[in-house]
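For reference, the chains in residue letters:
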Amino acid sequence: MYRFLLSRQWVILTLVALVLIPVMIELGFWQFHRHERRVAQNTLIADNLEARPVPVEELTSPGHVVPREDYWRRVTATGTFDTAHEVVVRRRTSSDDRVGAHVLTPLVLKDGRIVLVNRGWVPAAANQRDYPDVPPAPRGEVTVTGRLKADETTGASGIKDLKGLPDRQVMLISSRQQAELIDREVLGGYVEQTAPEPAGGSPEQIAEPDHDSIGAHMAYAVQWWLFSAGVPVGWFVLARREKRDREAAAAEPGGAPGTPREETGEEAGAVGAAPPR
């Protein structure tokens with residue numbers, strides 16, 4: 001009674017099921033690994049935000065690429081702001097999703113080297129080619145506390161590094177690019193300022209990165225695995241139903257063993273088969 005499994009229809013159905021099972025299992029592991037990465041990142045962010053601030057010179061140097069384990073590390077930097085070489089980073093959003101720019105100001109350290117400081121967000125100018133209204137940086141020596149970040153790249157951020165921008169406007173925060181413009185040694189990466197707070201609340205300081213949400217990746221993984229388990233169950237249910245239908249058709253008068261109901265002469269006549277003469 002299971003010879004029907006060798007029919008073209010059932011062979012195709014079986015092959016599709018055999019393909020779907022490993023694909024769904026793999027999709028489940030893909031979501032599970034995304035869950036693991038999110039948990040690991042949240043742990044890294046939380047640990048680095050709670051760590052004692054260290055001088056920025058201890059974690060980076062000119063040409064240094066900030067490693068992932070140092071992302072969001074709390075650092076301090078003491079020096080004077082070089083507002084003559086200040087630039088704004090276009091197309092950045094505020095905490096309430098308003099479009100504007102980030103203010104990137106070089107801080108000249110005591111040894112003469114420079115670290116880039118992202119002082120925060122300001123609204124964009126009415127005309128995109130105009131320089132936005134940027135509150136002046138504090139004068140004199142200042143100690144900045146913030147989060148260490150790596151240089152931005154198009155590959156990591158998805159932001160295109162457009163050319164031909166207005167003077168003192170950039171798309172990406174890059175210590176290498178700024179070193180070429182300033183013609184000074186610039187420490188790799190940059191500092192996202194968290195203290196001191198600016199007078200009047202502008203520039204608007206960048207919010208702390210989210211490290212509480214883990215997303216729904218684990219739930220998606222479980223769903224894919226349940227789907228993969230449901231495929232053989234569904235195949236078995238369909239096969240049993242087909243077997244019962246064929247047995248019922250064979251038990252009727254005139255039914256041939258192993259012939260499903262829809263293939264008997266009686267059913268053919270019911271759909272318009274011509275009666276014998």
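Structure shown above.
Residues numbered from 1 in each chain as written. Predicted model: local features only at pLDDT ≥ 70, side-chain atom pairs only at ≥ 80, totals over all residues. Heavy atoms only, no water.

Colleague: What should I look at first to understand the overall build of the protein in this one?
Modeller: Of the regular secondary structure elements, the protein holds five helices and eight strands. N-terminal to C-terminal, the α/β element order of the protein is α-β-β-β-β-β-β-α-β-α-β-α-α. At 33 Å, the protein has a C-alpha radius of gyration far larger than the 19 Å of a compact globule built from 277 residues. Evaluated residue by residue, the protein yields a buried proportion of 36% over its 277 residues. Intrachain contacts of the protein at a sequence separation of at least 6 include 66% that bridge at least 24 residues. (Helix = DSSP H or I, 4+ residues; strand = E, 2+ residues; numbered from the N terminus. Rg over C-alpha atoms; globule rule 2.2 N^0.38 Å. Buried < 20%, exposed > 50% of the residue type's maximum accessible area, 1.4 Å probe, protein only. Contact = heavy atoms within 4.5 Å.)

Colleague: Can you walk me through unusual backbone geometry in this structure?
Modeller: Comment: phi is negative for the bulk of residues other than glycine, and the bulk of peptide bonds are trans. The step from Ala195 to Pro196 runs through a cis peptide bond, and the omega angle for that step is -5°. Residue position: Pro196 is located in the loop between strand E8 (190-195) and helix H4 (217-251). Residues Ser202 and Pro203 are joined by a peptide bond in cis, for which omega reads 0°. Position of Pro203 among the secondary structure elements: in the loop between E8 and H4. The phi dihedral of Asp97 is positive, around 70°, even though this residue is not glycine. With respect to the helices, strands and loops of the structure, Asp97 is situated in the loop between strand E3 (87-93) and strand E4 (99-109). Residue classification places Asp97 among the exposed residues on the basis of a relative accessible area of 62%. With a phi angle near 65°, Asp183 is a residue other than glycine that sits in the positive phi range. Topologically, Asp183 is positioned in the loop between helix H3 (175-182) and E8.

Colleague: What is the right way to read helix H1 (residues 8-50) from this model?
Modeller: The first and last C-alpha atoms of H1 sit 64 Å apart over 43 residues, in line with the 63 Å expected at 1.5 Å per residue. For H1, the full list of buried residues reads Trp10, Ala17, Met24, Gly28, Gln31, His35, Asn42, Leu44, Ile45, Ala46, Asn48 and Leu49. Looking at the buried residues of H1, the elements they touch are strand E2 (74-81), strand E6 (142-149) and H4. (Expected span 1.5 Å × (residues − 1).)

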